[in-house]
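Reading the structure
What follows is each chain in one-letter form.
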Amino acid sequence: MKKRLGLLLATGMLSFSMILAGCGNSSKESGANGAGGASGAAETNDEAATEETQKITVWAWDDNFNVAVMKTAAEYYKKLNPDANVEIEVISNSKEDIYKKLQTGLASGGKSLPDICLIEDYSIYQYLNSYSKYFYPLNDDVDYSQFSPYKVEVMTYNDKAYGIPFDAGVTGLFYRADYLEQAGFTAADLEDITWDRFIEIGKQVEEQTGVKMTVANGTNYSSLFRTMMQSAGAWYCDSNGELTITNNEVLKESLETIKKMRDAGIILECADDSTLAGAINDGTTASVINAAWRVSTIKAEPEQSGKWAVASTPRLNNANSVNASNTGGSSWYVLDNGQDKGAIVDFLKAVYAGDIDFYSDILVNQGAVGTYLPAQEGKAYQTEDEFFGGQKVFAEFASWLPEVPSVMYGKNVPESNTAVNTALFSYLQGDITVEEALTQAEDQLKNQIQ
Amino acid sequence: MRKIKLLLKHAFLMISSLICLFPFYWMVVGATNLSKDITKGTLWFGAEFMNNFRAVQETADIFQAVLNTATITIVQVPLALLICSMAGYGFEKYPSKTRNKLFNVFLLTMMIPFAAIMIPLFNFVFDVGLIDTKMSVIVAALSNTFLIFFFRQSFKALPNEMIEAARIDGASEIGIFFRIAMPPMKSTFAAGFIYAFMKEWNNYLWPLLTLQSSENRTLTLFLSSISSAYYVDYGQILVSVVIATLPTILIFMTMQKHFVSGILGASK
Amino acid sequence: MKKTQNTVNYNKYGWFFISFAMLAFILFTLYPMIESLSLSFKVLRDGEYVFGGLTNIKRLLGDKIFHKTIGNTFLFLAVQAPLMLMLALVYATILNAPKLRFRTFYRTAIFVPCVTSLVAYSVLFKLMFANDGIINYLLVNLHLIEAPIFFLNDPFWARVVIILAMTWRWTGYNMMFYLAALQNIPAETYEAARVDGANAVQTLFKITIPQLKPIILLTTIMTTNGTLQLFDEPMNITGGGPAEMTTTMSQYIYNNAFVYAPNFGYSVSMSYVIVTLVALLAFVQFKVGKD
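The paragraphs below set out a description of the structure included in this document.

Rules used in this analysis
- Residues numbered from 1 in each chain as written.
- Chains lettered and ligands numbered in written order.
- Predicted model: local features only at pLDDT ≥ 70, side-chain atom pairs only at ≥ 80, totals over all residues.
- Contact = placed C-beta atoms within 7 Å.
- Helix = DSSP H or I, 4+ residues; strand = E, 2+ residues; numbered from the N terminus.
- Nonpolar A, V, L, I, M, F, W, Y, C, P; charged D, E, K, R; others polar.
- Axes fitted to C-alpha atoms, helices over the stretch in contact; angles between N-to-C directions.
- Parallel < 35°, antiparallel > 145°, perpendicular 65-115°, else oblique.
- Left-handed = near helix turned anticlockwise from the far one by under 90°.
- Pairing = 2+ DSSP bridges.
- Core = buried A, V, L, I, M, F, W, Y, C linked by C-beta atoms within 7 Å.
- Buried ≥ 20, exposed ≤ 12 C-beta atoms within 10 Å, placed from the backbone.
- Expected span 1.5 Å × (residues − 1).

As for the interface of chain C and chain B
The interface of chain C with chain B comprises 62 residues on the first partner and 57 residues on the second. Going through the elements one at a time, helix H1 (2-39), helix H4 (103-111), helix H5 (118-128), helix H7 (155-182), helix H10 (213-228), helix H12 (249-259) and helix H13 (264-290) of chain C are the ones with two or more residues in the side of chain C that touches chain B. Here the side of chain C that touches chain B gets 18 residues from one element, more than from any other, and that element is H1(C). Per-class residue counts for the side of chain C that touches chain B are 45 nonpolar, 16 polar and 1 charged.

Following this line, the structure appears as structure tokens:
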């Protein structure tokens, strides 16, 4: 009886494994580009080697920004090296989705990873800290002195630099020149100011125009206090990765400043980015502090052409604080799967560390501000933008870029964002003091980070 | 009095229906408007549908994504229905203690969050060479405990005498399943179909992990991708959402009669 | 003799019918599950998962945020599940009248939210409940409130929004189950109750609910399972905020796997806590349901 039963089961299993086998074959064609490092990939690598062209896979998010930039880079490389037998395939997924795929691939021992991956500056350290062996260092190949120092700082781990610095998250103060004029302020009044002055101006603007001075995500102030912190070269942790929350004067002043702004009633609190974008477009806010990529949201409302202008980021009272900071920004990283990196490195170097025209192109078409310093000589940076009343917007951003203080972001940015934001929430409600808020955040983080 | 009561009932149902349908209305309205007007809260139709639609097509190939999702769903759903209905039938009509225990193991695993088994599953699928194939998405969901449970409950309604009679007539066991047991269960299959279809059509985390190349990208991944830009274009998103939701609604509309009686069968 | 032969024969077919599902189950569920169980004892060191003993369990016991997310999840379960199931039952009893006009329309409309795309529905809910959104606009203009409520920035209201969103999406789905089961109750039962002078509420509690016990049990277990794994709504509508007031267990597991410094071992450990909780609750519900 056992035999028969086994026979029957075997029939089932057999038909099943036939399905599996059938697909295994088809996977070789499409699966080869994954170029995984471990076990199953050995034979697919052989196949790739015999092929004429080498395929370079890139993971990136945002079709109109990063993905478009990488596609442009591929075209430029083709122009520079018509003989190179490489094909660059950019695979587009959302940022969160890319991290999920990356984390899964790394946790499975480096399986099915791309050749190049876009990773945010805030996140890269957690990957390097846990999985540096799957990343390919480029310090022998790339001259990092050509890039903004604060971008290079972020991608350095154990004295090795990984990745090619890409876009800058340099912040600026975008403001409605018409509202501010109505309240009696000129462009000079907003240049190089402190947050305290910003609040004073804000009160007057609301008195005169009835419009809130600025807009923020009321459920998540982390972008704002990170901007404030970095303007003084401070962060959640020091350069050794040790938490600096309770003893962080800059963070303390940042939180106090946000409370001051809120108590003064100059912030329009939105629930998320969609309502924030709505507030910018329908003119219910007089300013927004954000990185250069905010330009596309602002320009979505053509009726506001000529009404906007940009000034430098306000600074804290802290002596170290400057009128330049950063929020977000990301870079390209080469994943190490044991294969030869020659072609990939050559591509990245030729375009991202050498082609000024390329940087002008992506600035004009995607509004991407690169961090390759020589590129700022490009003509595109000198273009006057009618939408901003003829201001040379990108030249302004480029001029702030070298001023941005360097900080080491460390491996726990998302946890720290949540912890500090949660504590800030209770502080803003008036339930606890700022000192208690910092202690609460640090306690929570210490428990979480092991 | 009676009339007032009836009127109240209708008012209650009407308001509920409007609340339930409003998002669909808004979705269609949004698809015809510019992003900036959507975030400003417009509630009336605009003239931007074609522009939004064109913009979606220019950024990425939405029809490839529809085709991929459709292919996976069309292969997966019937296969899963067959396998799960067979299992439900096997558990119900061939009672044994061992199999009942096994059934309990099935039920217990229903409660495990997918995130908990994801990494080992990914490893396994990679090692057998299925990574980046549509088949990896199809096979992972073939055995669905809820469906097996659902079919088992439904087969309870099938009289054992019918099976016995067929046996006396000399029908084979497999023949009985296909010719005697399956035909009266049409509405059960319809209900199961809607359930499996919705699940597969909206499947997100697993296809995300296993599908790598652009050619294999599914609709849910497409939607997720266009919603995460620095500048979010809600007009484009809503056009894509309309395209993605339409098939599920159509399928439900055409099968809803069977759906209700299908659940009826299982709840006896 | 012959009889035993027959049962053996049937037993074989029993295995045959479940063999396909069993194989898929073993390969794609059971095997990864066993593997992941071992992962829950591992920690990440230099890019490899190595055995860490009870590290994850110890951490879990001291993790205040995890405890907070358990609290949040059970709050949703305690408030939302009964509310939704009651509402579903009310809809089902009203719609069960065969002579009611437009009943197909109502039924479809109330069911259809569960087939919406998550993306559309979360964007819409955020816009509707924004500070200057349509809900605040209506409430202010009807003079129900004086100033707009900051729904998504307020710990209490953010939870209310999540509960409303879940109710909106899943009431119709549960209603369908009740509607189907109601058709099993013979009309004469209701007729008899009416003759006895029972009102609507009495009928509901004396006839409908007792008759629907098995299906109520089924929907309760389904809802419990769904709510304890709640992820979509808080993730997409409130992002877990403000101040982690709406963060659920599943969301925290997700954060530890994908957002925070990578730690799958810890995520898996927490997942098994959910499994244990769901299994316990299901067991209790079964026991109560049987009485």
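After that view of the structure, there is still more to cover.
Considerations on the packing of helix H11 (residues 249-263) of chain A against helix H17 (residues 413-428) of chain A
Residue and element names in this part refer to chain A. At a minimum axis distance of 10 Å, the contact between H11 and H17 shows a crossing angle of 45 degrees. Here H11 lies oblique to H17, going by the angle between them. Seen along the crossing, H11 lies across H17 with a hand that is right-handed. Across the interface between the two elements, Leu 255, Ile 258, Lys 259 and Arg 262 from H11 touch Leu 424, Tyr 427 and Leu 428 from H17. Tallied by class, the residues present in the contact of H11 with H17 amount to 5 nonpolar, no polar and 2 charged.

Observations concerning the packing of helix H4 (residues 62-93) of chain B against helix H8 (residues 145-155) of chain B
Residue and element names in this part refer to chain B. For the pair H4 and H8, interaxial distance at closest approach is 8 Å and the crossing angle is 50 degrees. When the axis of H4 is compared with that of H8, the two are oblique. Considering only the axes of H4 and H8, their crossing is right-handed. Counted together, Ala 80, Cys 84, Ser 85, Ala 87, Gly 88, Tyr 89, Phe 91, Glu 92 and Lys 93 of H4 and Leu 147, Ile 148, Phe 151, Arg 152 and Phe 155 of H8 form the full contact between these two elements. In terms of residue class, the contact of H4 with H8 is built from 9 nonpolar, 2 polar and 3 charged.

Thoughts on the sheet that holds strand S11 (residues 308-311) of chain A
Residue and element names in this part refer to chain A. If you walk across this open sheet you meet the 3 strands as S10-S7-S11, and the pairing is antiparallel. Each edge of the sheet is formed by a strand with only one pairing partner; in this case those strands are strand S10 (287-291) and S11. Strand-to-strand twist in this sheet, taken as the mean axis angle between neighbours without regard to direction, amounts to 30 degrees. Inspection of the sheet shows strand S7 (residues 171-176) paired to S10 by 5 bridges, in the antiparallel sense. Looking at the pairing, Gly 172 lines up with Asn 290 of S10.

Brief notes about the nonpolar core
When a protein is soluble and globular, its nonpolar side chains tend to lie buried together. Counting 299 residues, the largest nonpolar core has Val170(A), Tyr333(A), Leu424(A), Ala21(C), Val161(C) and Tyr178(C) as the members making the most contacts within it. Here Val161(C) is in contact with Phe125(C), Phe129(C), Phe151(C), Leu152(C), Ile237(C) and Thr238(C), once residues within four sequence places are set aside.

Some points on the interface of chain A and chain C
Facing 37 residues of chain A, the contacting portion of chain C comprises 36 residues. Counting residues per element, the ones that place at least two in the side of chain A that touches chain C are helix H1 (2-31), helix H4 (95-107), helix H5 (121-131), strand S9 (267-270), helix H12 (273-281), H17 and helix H18 (434-448) of chain A. The greatest single-element share of the side of chain A that touches chain C, amounting to 7 residues, is contributed by H1(A). Of the residues assigned to the side of chain A that touches chain C, the class counts are 14 nonpolar, 16 polar and 7 charged.

Section: H4(A)
Residues separated by three or four positions in an α-helix point in the same direction, a consequence of the helix having 3.6 residues per turn. Residue and element names in this part refer to chain A. An ideal rise of 1.5 Å per residue puts 18 Å on 13 residues; H4 measures up with 18 Å between its terminal C-alpha atoms. Counted residue by residue, H4 has 12 buried out of 13 residues, so it is predominantly covered. Burial in H4 covers these residues: Lys 95, Asp 97, Ile 98, Tyr 99, Lys 100, Lys 101, Leu 102, Gln 103, Thr 104, Gly 105, Leu 106 and Ala 107. At the exit of H4 stands Gly 109, carrying a positive phi of roughly 85 degrees.

Keep in mind these values describe shape, not function.
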